[in-house]
Amino acid sequence: MTEHPTVALVAHDAKKASLVEFAKTHAKRLSGFRIVATGTTGARVKEACPELDVVPVKSGPLGGDQQIGAMIAEGKLTALIFFADPLTTMPHDVDVKALMRLALVYDLPMALNSATAEYVIDALAESAPGTRRRADMAAGHQ
């Protein structure tokens, strides 16, 4: 694992605005992470939050899902945040399922909505090098 947690951000078209809003709301916490994101999602997050370290890969349907899947298999990701649209059939649904399957196989924390994503980034921020865990702070440990 790298010094800074690496989080992948992926969103279906109908959820891109929600993921960008999530990134803006949580930019301070996300600033301690390296972020990998699929094409359009990455560009939109980078535009909305220029202070974040966002590394874009290809668009999901053009191979970005597979690129992120390879990162999971190689142990290069710390978590996956994937705002999926459950109400729309995707032409590249098999790629999406493969990405989720890899996260499950490699026991990678995966958030599919903002509520879970908040928990994931909170936990990562607390366990990142140089940060103090809440339990230590509550116990008064320096």
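See the structure above.
Residues numbered from 1 in each chain as written. Predicted model: local features only at pLDDT ≥ 70, side-chain atom pairs only at ≥ 80, totals over all residues. Heavy atoms only, no water.

Quick word on the overall build of the chain
Across its full length, the chain carries seven helices and five strands. Its helices and strands in sequence order give the chain the pattern β-α-α-β-α-β-α-β-α-β-α-α, from N to C terminus. Once local pairs closer than 6 in sequence are excluded, the contacts in the chain between residues at least 24 apart make up 68%. Split by element, the accessible area of the chain, about 7,900 Å² in all, is 55% carbon and sulfur. (Helix = DSSP H or I, 4+ residues; strand = E, 2+ residues; numbered from the N terminus. Contact = heavy atoms within 4.5 Å. Areas by Shrake-Rupley, 256 points an atom, 1.4 Å probe, with all protein chains shown as cover.)

Brief notes about helix H5 (residues 93-105)
A turn of α-helix holds 3.6 residues, and therefore any two residues three or four places apart point the same way. Across its 13 residues, H5 extends 18 Å between first and last C-alpha, which sits within 8% of the 18 Å expected from 1.5 Å per residue. Turning to H5, its buried residues number three or more, namely Asp95, Val96, Leu99 and Ala103. Along the axis of H5, the buried positions cluster into a sector of 105°, meaning they face one direction only. Facing away from the buried side of H5, by more than 90 degrees, are the exposed residues Val94, Leu104 and Val105. The positive-phi residue at the C-terminal boundary of H5 is Asp107, with phi of around 55°. (Expected span 1.5 Å × (residues − 1). Buried < 20%, exposed > 50% of the residue type's maximum accessible area, 1.4 Å probe, protein only. Arc of directions from axis to C-beta.)

Notes on the nonpolar core
Judged by nonpolar contacts, the single largest core of 24 residues is most densely connected at Leu9 and Ile81. At the level of secondary structure, the elements contributing two or more residues to this core comprise strand S1 (6-11), helix H1 (16-25), helix H2 (27-30), strand S2 (34-37), strand S4 (79-83) and helix H6 (114-127). If we ignore the near neighbours within four places in the chain, the residues touching Ile81 are Val7, Ala8, Leu9, Val10, Leu19, Phe22, Ala111, Ala117 and Ile121. Listed in part, the 15 residues of the second largest apolar core include Val57, Met71, Ile72 and Met110. (Core = buried A, V, L, I, M, F, W, Y, C linked by side-chain atoms within 4.5 Å.)

Some thoughts on the pattern of salt bridges
On inspection of all chains with the given rule, the structure shows four salt bridges. In this structure, Asp13 engages Lys16 in a salt bridge whose closest nitrogen and oxygen atoms are separated by 3.7 Å. For Lys16, a relative accessible area of 9% gives the class buried. Between Asp122 and Arg29 there is a salt bridge; the shortest N-O distance is 2.0 Å. Of this pair, Asp122 sits in helix H6 while Arg29 is found in helix H2, placing the two residues 93 residues apart along the sequence. (Salt bridge = Lys/Arg side-chain N within 4 Å of Asp/Glu carboxyl O.)

Digging into the sheet that holds S4
Strands in a sheet are paired, the pairing made by backbone hydrogen bonds, and the direction either parallel or antiparallel. Strand order in the open sheet formed by five strands is S3-S2-S1-S4-S5, and the pairing between neighbours is parallel. Taken across any chain shown, the strands that pair with only one partner, and hence form the sheet edges, are strand S3 (53-56) and strand S5 (110-111). By the bridge criterion, four bridges tie S2 to S3 in an arrangement that is parallel. The residue bridging Val36 from the neighbouring strand is Val55, located in S3. Of the strands in this sheet, S1, S4 and S5 are in contact with H5, which crosses S4 at around 145°. (Pairing = 2+ DSSP bridges. Axes fitted to C-alpha atoms, helices over the stretch in contact; angles between N-to-C directions.)

Notes on the environment of Gly63
Tracing the chain through its elements places Gly63 in the loop between S3 and helix H4 (64-73). According to the relative accessible area criterion, Gly63 is buried, its value standing at 18%. Sequence separation between Gly63 and Gly39 is 24 residues, and the spatial gap between their C-alpha atoms is 9.7 Å.

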